[in-house]
Amino acid sequence: LSANNFGNFKHGIISGAKFNDVNGNGTRDAGESGIPSWKIYIAGNRNDSMLTNGDGNYEFIDLMKGSYTLREEMKNGWVQSAPANPGTYTVNVFSGTNESNMSFGNYQLGTISGFVFNDLNDNKTRDLGEPGLQQWRIRLSVSSLDSTLSDNNGFYQFQNLNLGTYEVREVTPSTWTQTSPVAGFYLVKINSGTNASNKNFGNITKGIISGVAFEDINGNAIKDPNEPTLSGWKINLSGAKTDSAITNASGAYEFNELEIGNYAVSEIV
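Only a predicted model underlies this, so the values are computations on that prediction, with no experimental measurement involved.

A. Structural detail: the overall build of the chain. Broken down by element type, the chain carries zero helices and 23 strands. The C-alpha atoms of the chain give 35 Å as radius of gyration, which overshoots the globular expectation for 269 residues (18 Å, by more than 25%). Each principal axis of the C-alpha distribution contributes one length, and for the chain these read about 140 × 35 × 30 Å. Expressed as a percentage of the 269 residues in the chain, the buried residues total 33%. Taken as a whole, the chain presents about 15,500 Å² of accessible surface, with 46% of it coming from carbon and sulfur.

Structure below.
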């Protein structure tokens, strides 16, 4: 008897890794870590899925002959960088096929945030109790321009930012002066998952001192109704700035555009 042959098929294997493509170049570079618990799908002669292990690796074993397509689960806030479009692998399995390095790269979109605040003591740092400034325009530029307004607490945030370097600036109203950052803006590099917080903008507004000169008929040191004002009186300002003013027809005076500091106000009787 002849031709009593035995044929055997060695099951195929397809494996790879899911990795955090920090620089978004579509290649797994040194130091780029695997991502665990990410679902990988296989379709073809076998339809299945599995989660990547603690190192971001996956492996489909015991595959019969045929054509298989591999794809990954897509997640909000992440962008696929590998493989190239359409983002899938097609593998033809024959006896003994062992296709490794079927890897999927993704990078996470970034965030930039901070506060716009009233730098009451002009020290370029947000100290306890310094209030946020609401409805201030913050501009973000890279290849395109975006902007947002600070909220009731002075907080602003740009989310879902693609990889790249961004410039962040505020629009400073004419009655305010920016104190921080020193450069007047921030340059922020977004890599995968970057969360650049505390990109704060400090501002001061120049002060005003005002009042009236009046005839204190009853001598109680309070301006009571019907007590007449005194026009043409000289009021002196000294301290961080030296100046003087003459009360107007209503007895009023005002010093404006005052820098932070201590002032003394006196009159010439």
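What follows picks up the thread again.
B. Looking closely at the pairing of strand β14 (residues 164-170). Sheet topology places strand β11 (residues 137-141) next to β14; four bridges connect them, and they run antiparallel. Bridge pairing in β14 links S141 to E167. Sheet topology note: the β14/strand β16 (residues 186-190) ladder contains five bridges and is antiparallel. Across the sheet, residue E167 finds its bridge partner in β16, namely L187.

C. Examining the sheet that holds strand β23 (residues 263-267) more closely. With antiparallel pairing, the three strands of this open sheet are ordered in space as β21-β20-β23. Bordering the open sheet on either side are β21 (243-246) and β23, each of which pairs with just one other strand. Shown here is a sheet whose adjacent strand axes are inclined to one another by a mean of 20°, direction ignored. Here strand β20 (residues 234-239) pairs with β21 via four bridges, running antiparallel. Each residue of the ladder has a partner; that of L237, found in β21, is D243.

D. Structural view of unusual backbone geometry. At the junction of A82 and P83, the peptide bond is cis and its omega measures out at 0° in the coordinates. Residue placement: P83 occurs in the loop between β6 (78-82) and β7 (89-93). The amide bond that connects S180 to the next residue, P181, takes the cis arrangement and shows omega of 0°. For P181, the location among the structural elements is in the loop between β15 (176-180) and β16. Positive phi, normally seen in glycine, also occurs at A3, with a value near 65°. Position of A3 relative to the elements: it lies in the segment before β1 (12-20). Overall, the relative accessible area of 64% leaves A3 in the exposed class. Backbone geometry places Q135, a non-glycine residue, at a positive phi of 60°.

E. Summary view of the nonpolar core. Ranked by size, the top nonpolar core spans 17 residues in total, and within it I112 and V168 carry the most contacts. Only β10 (110-118), β11, β13 (155-161), β14 and β16 provide two or more residues apiece to this core. The residues contacting V168, other than those within four sequence positions of it, are I112, I138, R139, L140, Y156, F185, Y186, V188 and F201. Core analysis: the next-biggest nonpolar cluster, separate from the first, contains 16 residues, W38, I40, F60 and L63 among them.

F. Structural detail: the side chain of D21. Here D21 shows up in the loop between β1 and β2 (39-44). K18 provides the closest opposite charge to the buried, salt-bridge-free D21, at an N-O distance of 8.6 Å. One polar contact links the side chain of D21 to the main-chain amide nitrogen of G26, over a distance of 2.7 Å. In contact with D21, other than residues within four places in its own chain, are G26, T27, E32, S81, G105, N106, Y107 and S192.

G. View of the pattern of salt bridges. For the coordinates displayed, the defined rule picks out five salt bridges. Between K18 and E72 there is a salt bridge; the shortest N-O distance is 3.5 Å. Of this pair, K18 sits in strand β1 while E72 sits in strand β5 (residues 66-72), placing them 54 residues apart in sequence. Relative accessible area serves as the criterion here: at 3%, E72 is assigned to the buried category. Of the charged contacts, one joins K206 and E257 as a salt bridge, the two residues approaching to 3.6 Å between their closest N and O atoms. In this pair, K206 is assigned in the loop between β18 (201-205) and β19 (207-212) and E257 in strand β22 (residues 252-258), connecting sequence segments 51 residues apart. Among the residues examined, K206 registers a relative accessible area of 33% and is labelled partly exposed. Bridged by salt links that share partners, the residues K206, E257 and E259 form one connected network.

Each value, and the rule that gives it
Residues numbered from 1 in each chain as written. Predicted model: local features only at pLDDT ≥ 70, side-chain atom pairs only at ≥ 80, totals over all residues. Heavy atoms only, no water. Helix = DSSP H or I, 4+ residues; strand = E, 2+ residues; numbered from the N terminus. Rg over C-alpha atoms; globule rule 2.2 N^0.38 Å. Buried < 20%, exposed > 50% of the residue type's maximum accessible area, 1.4 Å probe, protein only. Areas by Shrake-Rupley, 256 points an atom, 1.4 Å probe, with all protein chains shown as cover. Pairing = 2+ DSSP bridges. Axes fitted to C-alpha atoms, helices over the stretch in contact; angles between N-to-C directions. Core = buried A, V, L, I, M, F, W, Y, C linked by side-chain atoms within 4.5 Å. Contact = heavy atoms within 4.5 Å. Lys, Arg positive; Asp, Glu negative; His and termini not counted. Salt bridge = Lys/Arg side-chain N within 4 Å of Asp/Glu carboxyl O. Polar contact = N/O pair within 3.5 Å; in protein donor to acceptor, adjacent residues only side chain to side chain.

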